[in-house]
Amino acid sequence: MKIVILSQDASLYSTQRLREAGEQRGHEMRIVDYVRCYMNITSHKPAVIYQGNPLDDVDAVIPRIGASKTFYGTAVVRQFEVMDVFSANESQAISRSRDKLRCLQILSREGIGLPVTGFAHSTKDIDGLIEIVGGAPLVIKLLEGTQGIGVVLAETHQAAKSVIEAFRGLDANILVQEFIKEAGGMDIRCFVINDKVVASMKRQGAEGEFRSNLHRGGKAEKIKLTPEERSTAIRAAKAMGLRVAGVDLLRSNHGPVVMEVNSSPGIEGIEKATDVDVAGKIIDFLEKNAAKGKNRDRIQY
Ligand code: ADP
């Protein structure tokens, strides 16, 4: 097959591993910087042009779209869909997952376990917002944050009020969440491909840190999931319409709760922690599913 990896950085571990796994299986792999593509959107001969030439006869694309390039990146993926090229994740599903609130709303509609969450932009009723999640201690998040930046634990009502007021002054969207203390600074990343969890790891935050992000000194290790955790991860990916997803869970007293569903989950951390050939499994999935006419998003939100 001719497979295009849509990535802005050919030197990234994930990009390299996908290329390597594809080549090992005898495919022609090409890394394409999607922001440098341009498109012909006429009805009869839609095309994606890269380095002066149309990308012809592509069988499948693997989008690895950076969060800050979602708009243009998903347009390129959509153009491949118009050309009836199979994508590891559909453009719609990628856009959907990039909006954290939309993501939580979709998961709640499906009845999937979530931390009790309120969200607001500039409410004056801060006490009411705090009340939704059952009072302090609670977690406040800036919607635009990544890698744990903008995630604050407020231990008292007064602290929560001050932080919410400060965020309100920033004109930001904020999310207020029940603090899952019993998670003990650990979260679980489940790598889901085509409705199966192919690998899972736990990430434990540094001593005294409630955030488990590896960028904040967290450590990753392989973990065995409970059947409930496994089915929660699969349902979450499915609800988002993602065929390839990284689902982050916390172990709470009321069962697994989903924190986030990622449409371009990193491959390095999970392969190193679990020894599973995750990149190879993505290629295997494309081999089985890239037949024409498979592009159809069925989620309505
Ligand atoms: P980001 O997307 O910036 O990584 P997250 O929302 O994933 O932010 O939060 C970062 C980390 O903080 C999580 O991986 C988790 O370990 C911890 N965390 C986030 N929300 C909660 C919560 N409600 N209860 C307990 N821990 C949490």
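So, how was this worked out
- Residues numbered from 1 in each chain as written.
- Predicted model: local features only at pLDDT ≥ 70, side-chain atom pairs only at ≥ 80, totals over all residues.
- Heavy atoms only, no water.
- Helix = DSSP H or I, 4+ residues; strand = E, 2+ residues; numbered from the N terminus.
- Buried < 20%, exposed > 50% of the residue type's maximum accessible area, 1.4 Å probe, protein only.
- Polar contact = N/O pair within 3.5 Å; in protein donor to acceptor, adjacent residues only side chain to side chain.
- Pairing = 2+ DSSP bridges.
- Axes fitted to C-alpha atoms, helices over the stretch in contact; angles between N-to-C directions.
- Contact = heavy atoms within 4.5 Å.
- Salt bridge = Lys/Arg side-chain N within 4 Å of Asp/Glu carboxyl O.
- Core = buried A, V, L, I, M, F, W, Y, C linked by side-chain atoms within 4.5 Å.
- Domains from an automatic or database assignment.
- Phe/Tyr/Trp six-rings, centres within 6.5 Å; stacked < 30°, edge-to-face > 60°.

### Some details on the side chain of E271
Thought 1: You can see E271 is positioned in helix α8 (residues 268-274).
Thought 2: Overall, the relative accessible area of 6% leaves E271 in the buried class.
Thought 3: In this structure the side chain of E271 is engaged in a polar contact, spanning 2.7 Å, whose partner is the side chain of R17.

### Some words on the sheet that holds strand β10 (residues 151-154)
Thought 1: With antiparallel pairing, the 4 strands of this open sheet are ordered in space as β8-β11-β9-β10. Each of the sheet's edge strands pairs with one partner strand only, and the pair in question is β8 (117-120) and β10. With direction set aside, neighbouring strand axes in the sheet form an average angle of 20°.
Thought 2: Across the sheet, helix α6 (residues 157-169) is in contact with β9 (138-142), β10 and β11 (174-178); its angle to β9 comes to roughly 10°.

### Section: the pattern of salt bridges
Thought 1: Counted by the stated rule, this structure contains 16 salt bridges.
Thought 2: The salt bridge involving E20 is made with R17; its shortest N-O contact spans 2.9 Å. Of the two residues, E20 and R17 are both situated in helix α1 (residues 13-24); the distance of 3 residues between them amounts to about one turn of the helix.
Thought 3: Overall, the relative accessible area of 38% leaves E20 in the partly exposed class.
Thought 4: On the basis of relative accessible area, R17 is assigned to the buried category, the value being 12%.
Thought 5: Between E229 and R251 there is a salt bridge, and its shortest N-O distance comes to 2.5 Å. Of this pair, E229 sits in helix α7 (residues 227-240) while R251 sits in strand β15 (residues 244-252), and the two are 22 residues apart along the sequence.

### Focus on the nonpolar core
Thought 1: Counting residues in hydrophobic clusters, the biggest one holds 29 residues, and the most contacted among them are L107, C190, V247, V258 and V261.
Thought 2: Among the elements that take part in this core, α7 stands out by supplying 6 residues, more than any other.
Thought 3: Setting aside its immediate chain neighbours within four residues, V247 contacts I188, R189, C190, V192, A233, A236, A237, V258, E260 and V261.
Thought 4: Within the second largest apolar cluster, 24 residues are counted, among which are A60, A88, I270 and L286.

### Some points on the sheet that holds strand β7 (residues 86-87)
Thought 1: Across the sheet, 4 strands lie side by side as β2-β1-β6-β7; this open sheet has parallel pairing. Among the strands making up the open sheet, the edge pair consists of β2 (28-32) and β7.
Thought 2: As judged from the 4 bridges shared by strand β1 (residues 2-6) and strand β6 (residues 60-63), these two strands associate in the parallel manner. By the bridge assignment, I3 is partnered in β6 with A60.
Thought 3: Contacts from helix α9 (residues 278-289) reach β1, β2, β6 and β7, with the element oriented near 145° to β6.

### So, the domain arrangement of the protein chain
Thought 1: Here the domain parsing of the protein chain yields domain 1 (2-89), domain 2 (97-111 + 182-287) and domain 3 (117-179).
Thought 2: Placing the centre of domain 1 and that of domain 3 at their C-alpha centroids yields a distance of 38 Å.

### Looking at helix α4 (residues 100-109)
Thought 1: Turning to α4, its buried residues number three or more, namely L101, C103, L104, I106 and L107.
Thought 2: Those residues of α4 hidden inside the fold are in contact with α3 (91-98), β8, β11, α7 and β16 (255-262).
Thought 3: At the exit of α4 stands G111, carrying a positive phi of roughly 70°.

### With respect to the packing of aromatic side chains
Aromatic ring pairs are reported here in terms of the distance separating the ring centres and the angle at which the planes meet.
Thought 1: Inspection of every chain in the model, using the stated rule, returns 2 aromatic pairs.
Thought 2: Ring geometry for F179 against F210: centres 5.9 Å apart, planes inclined by 85°, an arrangement best described as edge-to-face. Of the two residues, F179 is situated in the loop between β11 and β12 (186-193) and F210 in the loop between β13 (196-204) and β14 (219-222); the sequence distance between them amounts to 31 residues.
Thought 3: Its relative accessible area of 24% is what places F210 among the partly exposed residues.

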